[in-house]
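Here is what each chain is made of, one letter per residue.
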Amino acid sequence: MSTIFVVEDEAEIRQLLVDYLAQAGHTVVAHERGDQALTDIRAQQPDLVLLDVMLPGIDGLEVCRQVREFSHVPIIFLTARHDEVDRIVGLRLGADDYVVKPFSPREVVARVEALLRRSQWQQAAPVSNDSSPLQLDSGSYQAYWQQQLLDLTPVEFRLLTMLSKHPGRVYSRDELINAAYDDHRIVSDRTVDSHIKNLRHKLQNAGADDVIQAVYGVGYRFVNGKNVNGNK
Ligand code: CA
């Protein structure tokens, strides 16, 4: 059984989520304000947080930013619009997933459970050991570059998995969107670009420069570790 925080100021939506998650067997704590939620996340360390963007006190983006300073708790944003997702991804706040309103509570519960499973696997995942600098563990959704954890979001993990399957092959943004989102949400090209940007940034931090290359007018390709930086 997991403890889930629902941070949402709209009473109807909040209650709906609380009811569905409780029915699914979780302990649910509801919050209306961003500032109080932040204090409680620090004090109670929930297993997952559903976080609305527009909140009284401090907004969801700021809550997420501050939580990431002390915790890796999975966070799913509840957003009002698709372009809000672009913004959240662009800000690199470290959210794990996004649900756009209006949503089906069943879908939210399914995503919560998928994310909880992944984060439990993460804690116990073995690292496989072959000669490639890139290691992908699809059970835990973890990726490693030369044994360094990349700490990817599920979407980034799926993008990297697809790109690295056939090094050198160019994937269009449409192909990448289909790989990254199993529910075929409407996602703009710009969102894919933001995810790729974040992914490259994380790879670079692990010493992998330029392994994902943009191909003008087409999409992206993965180039296998010829230019591995061995310093890290
Ligand atoms: Ca709100």
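Computed from a prediction, not measured in an experiment: that's the story for all the values here. (Residues numbered from 1 in each chain as written. Predicted model: local features only at pLDDT ≥ 70, side-chain atom pairs only at ≥ 80, totals over all residues. Heavy atoms only, no water.)

Q: Explain the coordination of the calcium ion to me, and be specific about the residues and the numbers.
A: Surrounding the calcium ion are the protein donor atoms Asp9 (OD), Asp52 (OD) and Met54 (O), which sit 2.1 to 2.3 Å from the metal. Here the donor residues of the calcium ion are spaced in sequence according to D-x42-D-x1-M. Judged by its relative accessible area of 3%, Asp52 falls in the buried class. (Donors = N, O, S within 2.8 Å, 3.2 Å for Na, K, Ca; no water. Buried < 20%, exposed > 50% of the residue type's maximum accessible area, 1.4 Å probe, protein only.)

Q: Just give me the short version of the pattern of salt bridges, but keep the residues and values in it.
A: As enumerated under the stated definition, the model contains 13 salt bridges in all. Lys101 is the partner of Asp52 in a salt bridge, and the nearest nitrogen-oxygen pair spans 3.0 Å. Taken together, the residues span a long stretch of sequence, with Asp52 in strand β3 (residues 48-52) and Lys101 in the loop between β5 (97-100) and α5 (105-124) at a distance of 49 residues. The pair formed by Asp52 and Lys101 is uniform in burial state, with each residue classed as buried. (Salt bridge = Lys/Arg side-chain N within 4 Å of Asp/Glu carboxyl O. Helix = DSSP H or I, 4+ residues; strand = E, 2+ residues; numbered from the N terminus.)

Q: How would you summarise the packing of helix α7 (residues 173-180) against helix α8 (residues 189-205) if you had to cite specific residues and measurements?
A: Pairs of packed helices are described in terms of their axes, by the angle between the two and the distance that separates them. As a packed pair, α7 and α8 sit with axes 10 Å apart at the nearest point and diverge in direction by 75°. Here α8 runs roughly perpendicular to α7, going by the angle between their axes. Along its contact with α7, which presents Arg173, Leu176 and Ile177, the element α8 presents Asp189, Val192, Asp193 and Ile196. In terms of residue class, the contact of α7 with α8 is made up of four nonpolar, no polar and three charged. (Axes fitted to C-alpha atoms, helices over the stretch in contact; angles between N-to-C directions. Parallel < 35°, antiparallel > 145°, perpendicular 65-115°, else oblique. Contact = heavy atoms within 4.5 Å. Nonpolar A, V, L, I, M, F, W, Y, C, P; charged D, E, K, R; others polar.)

Q: I'd love a proper account of the confidence of the model for the chain, names of residues and values included.
A: Of all residues in the chain, 89% attain a pLDDT of 70 or more, and the chain-wide mean is 85. Confidence drops under a pLDDT of 50 for residues 124-129, and excluding neighbours within four residues, the segment shows seven contacts in the predicted structure. The low-confidence segment residues 226-232, where pLDDT is below 50, has 15 contacts with residues more than four positions distant or belonging to other chains. (pLDDT = per-residue confidence, 0-100.)

Q: Now, about the pairing of strand β11 (residues 219-222): what can you tell me, with residues and values included?
A: One ladder, built from three bridges, connects strand β9 (residues 170-172) with β11; its direction is antiparallel. By the bridge assignment for β11, Val170 is matched with Arg221. Across four bridges, the pairing between strand β10 (residues 212-215) and β11 is antiparallel. Among the inter-strand pairings, Ala214 is bridged to a residue of β11, identified as Tyr220. Two successive antiparallel strands, β10 and β11, enclose a turn made up of three residues, where Gly217 displays a positive phi of approximately 80°. (Pairing = 2+ DSSP bridges.)

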